[in-house]
Amino acid sequence: MTTVEIRTQTMYSQLSNSEKLVADYILKNRENIFRYPLAKLAEQSGTSQGAWVRFCKSIGFDGMKDLKKSLFVEMNDTIAENGTPAPQLQFTDIKDHSTFSSMAENVCYSSIQAIEATLKLFDEEMLKKIVNKIIHARTIRLFGVGASGLVAGDLFHKLLRIGYNVTFCQDTHVSLTYASTLTEEDVAILFSNSGETTEIIELLEIAQKNKATTIAITKFGKSNLALNSDFVLYTSSPEIYKRSGAMSSRIAQLILNDILFTAIANRDYENVEELLEVSYESCSSHRLSD
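Scoring rules and cut-offs
Residues numbered from 1 in each chain as written. Predicted model: local features only at pLDDT ≥ 70, side-chain atom pairs only at ≥ 80, totals over all residues. Heavy atoms only, no water. Helix = DSSP H or I, 4+ residues; strand = E, 2+ residues; numbered from the N terminus. Contact = heavy atoms within 4.5 Å. Polar contact = N/O pair within 3.5 Å; in protein donor to acceptor, adjacent residues only side chain to side chain. Core = buried A, V, L, I, M, F, W, Y, C linked by side-chain atoms within 4.5 Å. Buried < 20%, exposed > 50% of the residue type's maximum accessible area, 1.4 Å probe, protein only. Patch = residues over 30% accessible without salt bridge, like charges linked within 9 Å, V, L, I, M, F, W, Y side chains within 5 Å. Areas by Shrake-Rupley, 256 points an atom, 1.4 Å probe, with all protein chains shown as cover. Salt bridge = Lys/Arg side-chain N within 4 Å of Asp/Glu carboxyl O. pLDDT = per-residue confidence, 0-100. Phe/Tyr/Trp six-rings, centres within 6.5 Å; stacked < 30°, edge-to-face > 60°. Lys NZ or Arg CZ within 6 Å of the ring centre and 35° of its normal. Pairing = 2+ DSSP bridges. Axes fitted to C-alpha atoms, helices over the stretch in contact; angles between N-to-C directions.

Enquirer: Could you clarify how one ought to interpret the environment of S48 in this entry?
Expert: By the element assignment, S48 lies in the loop between α3 (38-45) and α4 (49-58). S48 has contacts with A42 and R54, leaving out every residue within four places of it along the chain. For S48, the side chain forms a polar contact with the main-chain nitrogen of A51, separated by 3.1 Å.

Enquirer: Please explain the nonpolar core as it appears in this structure.
Expert: Side chains that are nonpolar tend, in soluble globular proteins, to be buried together. Within the largest apolar cluster, 32 residues are counted, with the highest numbers of intra-cluster contacts made by I134, I140, L142 and I189. With six residues, helix α12 (residues 248-267) is the largest single contributor of residues to this core. Leaving out residues up to four positions away in the same chain, I189 has contacts with I134, I140, R141, L142, F143, L155, I215 and I217. By size, the runner-up hydrophobic cluster in this structure holds 24 residues, among which are L41, A42, F55 and F61.

Enquirer: In this structure, what is going on with a nonpolar patch on the surface? I would like to understand it.
Expert: Together, F34, F72 and V73 make up a nonpolar patch on the protein surface, roughly 270 Å² of accessible area in all. Along the chain, F72 turns up in helix α5 (residues 64-77).

Enquirer: Can you walk me through the confidence of the model for the protein in this structure?
Expert: Low pLDDT means the predicted atomic positions in that stretch should not be read closely. When pLDDT is averaged along the protein, the result is 87; 86% of the residues meet or exceed 70. Per-residue pLDDT stays below 50 along residues 84-89; that stretch engages in seven contacts with residues further than four places along the chain or on separate chains.

Enquirer: So what exactly am I meant to see when it comes to the packing of aromatic side chains here?
Expert: Aromatic ring pairs are defined here through the distance separating the ring centres and the angle between the ring planes. Within this structure, the stated rule accounts for three aromatic pairs. Seen from their ring centres, F34 and F72 are 6.0 Å apart, and the 70° between their planes marks the pair as edge-to-face. Within this pair, whereas F34 is found in the loop between α2 (17-29) and α3, its partner F72 is found in helix α5, the two being separated by 38 residues in sequence. Between the aromatic rings of F220 and Y234, the centroid separation amounts to 5.1 Å while the plane-to-plane angle is 65°, which identifies the pairing as edge-to-face. A residue pair is termed long-range when its members are at least 10 positions apart, and F220 in the loop between β4 (213-219) and α11 (224-228) and Y234 in strand β5 (residues 231-235) qualify at 14 residues. Judged by its relative accessible area of 10%, F220 is buried. Judged by its relative accessible area of 23%, Y234 is partly exposed. The positively charged end of R7 is found above the aromatic ring belonging to F61, 4.6 Å away from the centroid.

Enquirer: Just to check I follow, could you spell out the sheet that holds strand β3 (residues 187-191) for this structure?
Expert: Remark on secondary structure: sheet strands pair via backbone hydrogen bonds, oriented parallel or antiparallel. The strand order β2-β1-β3-β4-β5 describes an open sheet built from five strands, whose pairing is parallel. Strands with a single pairing partner mark the edges of an open sheet, and in this sheet they are β2 (166-168) and β5. This sheet shows a mean twist of 15° between the axes of neighbouring strands, independent of strand direction. Alignment of β4 against β5, held across five bridges, turns out to be parallel. Paired with I215 across the two strands is F231, which belongs to β5.

Okay, here's the thing in structure tokens:
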């Protein structure tokens, strides 16, 4: 799946009605983007040229030229070496599976797709800035609720392992206390797949009031969390079941955790090398004694 398709699917619910017509057309006829001029594409999609331009900007491109360039490059780079097409996901509800095998395959493929799609949204320059802020922060305070809270807890344990001054608690009242005592020397990392979780937006506002650096880990789009945080790492994770809860979105967030932790340890290796060894040995000896 190309970046254009990933952004289109992720942003779909936030598009205007005319932009959704463009999105539907692209998802079904992406090859036509190179066959017809903009006027013809607008006619075939039942909308206007202006809607196409607005659509391009809504999903993060400067215009049609920028979108076509990205699509062209990726379509030429995604041909499998053995010529075998990638497995196709079946977007069905949980109860619609006839066998456990088909269920397992779809769950696995959705996780793979989430990882690959998130990597396509990866911004190296953004990560460099985030890593620099974290390394030089007085404290790192993590915030997340529900499934995103589990992801925040994962990063908490990773940073704790390398001796960083990091805090996390799923209890809302404790989180409010952590946020209210932030300073401009601190970093707040906020997890929310939707970017609209009420508790997280409230914590973001408190962190901003205290002039802390705010970092969002959320799905691609124009959510309150993404638009109002200082830095953003985007995920892409279409859930394949409407009653599944956070499956692929959790995997996508965990992948960003691993990337972020690895980047921090890499840039701060002189200070964390011994801690990595000590924590590994301590955990290994504890497992052997059990």
